[in-house]
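Spelled out, the chains give:
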Amino acid sequence: MASSFPSTSELVADARRLYGQVFGEEAPLTAVCAPGRVNLIGEHTDYNQGLVLPMALPLLTVVVGHETSGQDVTVVTATKDADEPWRVDFSLASDESLCPGLPSWANYVKGVIQHYRAPPVPGFRAVIASSVPLGGGLSSSASLEVAFYTFLQQLKPDDGDKVSKAIACQQAEHTHAGVPCGIMDQFVSVLGREGHALLIDCRSLEATPIPLADPSLIILITNSNVRHSLTGSEYPMRRRQCEEAACILGKASLRDATMKDLEEARNRLDDITYRRARHVIEEIERTYQGTEALKRGAYKEFGKLMVESHNSLRDLYEVSCSELDELVSAAMDVEGVFGSRMTGGGFGGCTVTLMKAHAIDRAILHIKTRYSGTPTFFVTTPSAGARTLSLP
Ligand code: ADP
Ligand code: MG
């Protein structure tokens, strides 16, 4: 069976309980949440100014808290998978307090305070609770950043511009977590819409909601529950290879390059750079085609593009791993499955599978039997972006 995950109100209740334990009787005044995401197609294209098609998840990060009169900050996470200690205390009066350090999870919080667009923020106490698995490729990091930014907006409002909010959160991840990520994760965590995937043009930063609420469909996420340590070093390397390819092609980014440009320049590119660029150029086209297919309800066609995307990530971009390949191949055995692919940065994490709703039990059973590890399953629906929550 698929894993059940806590509802928003259960997460808020967990966070409030912990808030009471840590801070005594004082009740939090503010509650907000921001979702994790799954990317349906368009992988490793966001930092190439390309197209991506993610959706916001019902898995989310909640922040509850309270402004204080001074400049002291205390933040506690309820998530035991984060590195200890689970509580941090610092003063906004000190310049060094926002410098990255340990525990590493607090760097996301500090980065968001640093890049908040209406400084200075007042002191506060906050508790984080989340249903997004950490490091599973569903972007717990962006959901934490965006939830925290949304929390700060309640303490001291900024101008409310959503694109600037996503960019500020992306900056936080660059400067404070050292991850040179694209804009997709933060963008969809801010702007996701219930019942819709979001086509994001990462060059113009235009977002188009694409309806995805057919009750005969299921979007199944399978967590491989492995994460290879390569992720940290390989991601920046892929970025550099793409920049190099764009430079050799004389383009501002690979978004501006066609397969014809690439083939014409082939003898000026080494084999690896060629393959990286080819993945990106074709993946952007697949994302465009996939979006058009979804709009028509052509799920078979969309599924075929998902598998092509996976194969390209495996063979050309080389960011898959045997566990993800096994999960995709097992899913594709099942009648009623349209398509399946790795999702997120790669080297572990999750796959996403588009399938007929009636095949779900068979699919889960089959994948469990065929996978050499221990998978976790989430049956998900496209959900809303960051929002404030009412406290009872
Ligand atoms: P992903 O975004 O795919 O889940 P990342 O490695 O980018 O993986 O981000 C995971 C990191 O984000 C965690 O190691 C932790 O530092 C931080 N994080 C995310 N959610 C929480 C949370 N609820 N509490 C504390 N830290 C969190
Ligand atoms: Mg992340």
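Please read all numbers here as calculations on a predicted model, not as lab measurements.

Student: Break down the overall build of the protein chain for me, citing the residues and quoting the values.
Tutor: Tallying secondary structure elements over the protein chain gives 11 helices and 12 strands in all. Relative to the compact-globule value of 21 Å for 392 residues, the protein chain shows a C-alpha radius of gyration of 21 Å, a close match. If one aligns the C-alpha atoms of the protein chain with their principal axes, the spans along those axes are about 60 × 50 × 35 Å. Residue burial in the protein chain is summarised as follows: out of 392 residues, 57% are buried. Taking as baseline every contact in the protein chain between residues at least 6 positions apart, the subset at least 24 positions apart corresponds to 72%.

Student: Quick one: what's the story with the site of ligand 1, residue by residue and with numbers?
Tutor: Taken together, 18 residues surround ligand 1, and among them Thr-77, Thr-79, Gly-135, Ser-140 and Ser-141 come closest. A distance of 3.0 Å is found between a nitrogen atom of ligand 1 and a side-chain nitrogen or oxygen belonging to Thr-79. The contact in question runs from an oxygen atom of ligand 1 to an N or O atom on the side chain of Arg-227, over 3.1 Å. Contact with the protein chains covers 86% of the free accessible surface of ligand 1, which is 560 Å².

Student: Kindly report on the nonpolar core, identifying the contributing residues and their values.
Tutor: Counting 53 residues, the largest nonpolar core has Leu-40, Leu-254 and Phe-302 as the members making the most contacts within it. The biggest single contributor to this core is helix H8 (residues 271-296), with seven residues. With 45 residues, the next largest nonpolar core counts Trp-105, Phe-124, Val-146 and Ile-200 among its residues.

Student: So what about the pairing of strand E9 (residues 337-343)? Which residues, and what values?
Tutor: Most of E9 sits out of view: seven of its seven residues are buried. Across six bridges, the pairing between E9 and strand E10 (residues 348-356) is antiparallel. Within the sheet, the bridge partner assigned to Gly-339 lies in E10 and is Leu-354. Hairpin connection, E9 to E10: the antiparallel pair is bridged by four residues, and Gly-344 has positive phi, about 90°.

Student: Report on the pairing of strand E2 (residues 51-67), specifying residues and quantitative values.
Tutor: For E2, a buried count of 16 out of 17 residues is recorded, marking the element as mostly surrounded by other parts of the structure. Relative to E2, strand E1 (residues 30-41) is paired through 10 bridges, and the arrangement is antiparallel. By the bridge assignment for E2, Thr-30 is matched with Gly-65. In this sheet, strand E6 (residues 196-201) lies alongside E2 in antiparallel orientation, the contact comprising two bridges. Paired with Val-52 across the bridge in E6 is Ile-200.

Student: Any chance you could break down the UniProt feature "domain: GHMP kinase N-terminal" (unreviewed entry) in the protein chain for me, citing the residues and the numbers?
Tutor: Mapped onto this numbering, the UniProt entry annotates "domain: GHMP kinase N-terminal" (unreviewed entry) at residues 107-192. Helix makes up 57% of residues 107-192 and strand makes up 8%, while its end C-alpha atoms are separated by 24 Å.

Student: How would you explain the UniProt feature "domain: GHMP kinase C-terminal" (unreviewed entry) in the protein chain if you had to name every residue and give the values?
Tutor: Per the UniProt record, "domain: GHMP kinase C-terminal" (unreviewed entry) is annotated on residues 292-369. The distance separating the terminal C-alpha atoms of residues 292-369 is 34 Å; by composition the span is 55% helix and 21% strand.

Student: Please set out the pattern of salt bridges residue by residue, giving values where relevant.
Tutor: Overall, the coordinates contain 23 salt bridges when judged by the stated rule. Among the ionic pairs, Glu-43 bridges to Arg-341, the shortest N-O distance being 2.7 Å. Of the two residues, Glu-43 is situated in the loop between E1 and E2 and Arg-341 in strand E9; the sequence distance between them amounts to 298 residues. For Arg-341, a relative accessible area of 0% translates into the label buried. Between Glu-318 and Arg-276 there is a salt bridge, with its nearest N and O atoms 3.0 Å apart. Taken as a pair, Glu-318 in the loop between helix H9 (299-315) and helix H10 (322-332) and Arg-276 in helix H8 lie far apart in primary sequence, 42 residues in all. Because the salt bridges share partners, they merge into one network encompassing Glu-43, Glu-283, Arg-286 and Arg-341.

Definitions and limits used
- Residues numbered from 1 in each chain as written.
- Chains lettered and ligands numbered in written order.
- Predicted model: local features only at pLDDT ≥ 70, side-chain atom pairs only at ≥ 80, totals over all residues.
- Heavy atoms only, no water.
- Helix = DSSP H or I, 4+ residues; strand = E, 2+ residues; numbered from the N terminus.
- Rg over C-alpha atoms; globule rule 2.2 N^0.38 Å.
- Buried < 20%, exposed > 50% of the residue type's maximum accessible area, 1.4 Å probe, protein only.
- Contact = heavy atoms within 4.5 Å.
- Near = heavy atom within 4 Å.
- Polar contact = N/O pair within 3.5 Å; in protein donor to acceptor, adjacent residues only side chain to side chain.
- Areas by Shrake-Rupley, 256 points an atom, 1.4 Å probe, with all protein chains shown as cover.
- Core = buried A, V, L, I, M, F, W, Y, C linked by side-chain atoms within 4.5 Å.
- Pairing = 2+ DSSP bridges.
- UniProt positions renumbered as here; feature names shortened; annotations may be inferred.
- Salt bridge = Lys/Arg side-chain N within 4 Å of Asp/Glu carboxyl O.

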